[in-house]
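Results of the structural survey
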Amino acid sequence: MLVVATIGSGLVAGAFAVFSLMVLPALTALPGAAGATAMQSVNRAAIRPGFMTLLFGTALVCLVLGGAELAGTRRPAVLTGAALYLFGVVGVTVLANVPLNDALAQLDAAAPGAAETWRENAARWSRWNTVRALAATGAATAFVLVPAD
């Protein structure tokens, strides 16, 4: 389970990092609110079994792994990794990024002021997405640092 949590956390970290470092800057560079339309499409595409399994399957593994550690040897690195993933990735996703996605889904890209609304949404979304990327990186790092039994 530790290997699965490590790989899952690393893959999620990479996906979020690429989005913050390359995809979102490219979308916000598009004229007007064209980036909003593209991001709306990305948000719809993200809710598919592959990504959802990676994101929440890793969370489930972290939850089980962390629970087993609490009942067992309580290795700090495992507990740290599980907490980083569960709170820094899943918690931020549910409490910050999903509400921003929902707000963006309601945006009419052709409406007056849509471009400004999109850029404000994108800036907040990017900050929280970067938190998720760093938390997933921290989780993967913590799992790698778990001493061998």
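These numbers come from a predicted model, not from an experiment. (Residues numbered from 1 in each chain as written. Predicted model: local features only at pLDDT ≥ 70, side-chain atom pairs only at ≥ 80, totals over all residues. Heavy atoms only, no water.)

**A closer look at the overall build of the chain**
The helix and strand tally for the chain stands at five helices and zero strands. Its helices and strands in sequence order give the chain the pattern α-α-α-α-α, from N to C terminus. The principal-axis extents of the C-alpha atoms in the chain amount to approximately 60 × 20 × 20 Å. Residue burial in the chain is summarised as follows: out of 149 residues, 40% are buried. The contacts of the chain with a sequence gap of at least 6 include a subset with a gap of at least 24, amounting to 82%. Accessible surface, the chain as shown: approximately 7,800 Å² in total, 73% of it carbon and sulfur. (Helix = DSSP H or I, 4+ residues; strand = E, 2+ residues; numbered from the N terminus. Buried < 20%, exposed > 50% of the residue type's maximum accessible area, 1.4 Å probe, protein only. Contact = heavy atoms within 4.5 Å. Areas by Shrake-Rupley, 256 points an atom, 1.4 Å probe, with all protein chains shown as cover.)

**Describing the side chain of Thr58**
With respect to the helices and strands, Thr58 occurs in helix H3 (residues 49-71). Excluding residues that lie within four positions of it along the chain, Thr58 makes contacts with Ala5, Gly8, Ser9, Thr53 and Tyr85.

**Let's talk about the pattern of salt bridges**
Following the criterion strictly, the structure yields one salt bridge and no others. Here Arg75 and Glu69 are joined by a salt bridge, their closest N and O atoms 2.6 Å apart. In this structure, Arg75 and Glu69 share a single accessibility class: buried. (Salt bridge = Lys/Arg side-chain N within 4 Å of Asp/Glu carboxyl O.)

**Side note on the packing of aromatic side chains**
Enumeration over the complete set of coordinates arrives at two aromatic pairs. When the ring of Phe16 is compared with that of Phe51, the centres are 6.2 Å apart and the planes differ by 75 degrees; the resulting orientation is edge-to-face. Here Phe16, found in helix H1 (residues 2-28), pairs with Phe51, found in helix H3; they are 35 residues apart in sequence, far enough to count as distant. Taking the relative accessible area as the measure of exposure, Phe51 reaches 27% and is therefore partly exposed. Against the face of Phe16 rests Arg132, its NZ or CZ located 3.9 Å from the ring centre. (Phe/Tyr/Trp six-rings, centres within 6.5 Å; stacked < 30°, edge-to-face > 60°. Lys NZ or Arg CZ within 6 Å of the ring centre and 35° of its normal.)

**Digging into the packing of H1 against H3**
Put simply, H1 and H3 touch, their axes get as near as 9 Å, and they point 140 degrees apart. Considered as vectors, H1 and H3 are oriented oblique to each other. Handedness of the crossing formed by H1 with H3: left-handed. Two secondary-structure elements touch here, H1 through Leu2, Val4, Ala5, Gly8, Ser9, Leu11, Val12 and Phe16 and H3 through Phe51, Leu54, Leu55, Thr58, Val61, Cys62 and Leu65. Of the residues belonging to the contact of H1 with H3, the class tally is 12 nonpolar, three polar and no charged. (Axes fitted to C-alpha atoms, helices over the stretch in contact; angles between N-to-C directions. Parallel < 35°, antiparallel > 145°, perpendicular 65-115°, else oblique. Left-handed = near helix turned anticlockwise from the far one by under 90°. Nonpolar A, V, L, I, M, F, W, Y, C, P; charged D, E, K, R; others polar.)

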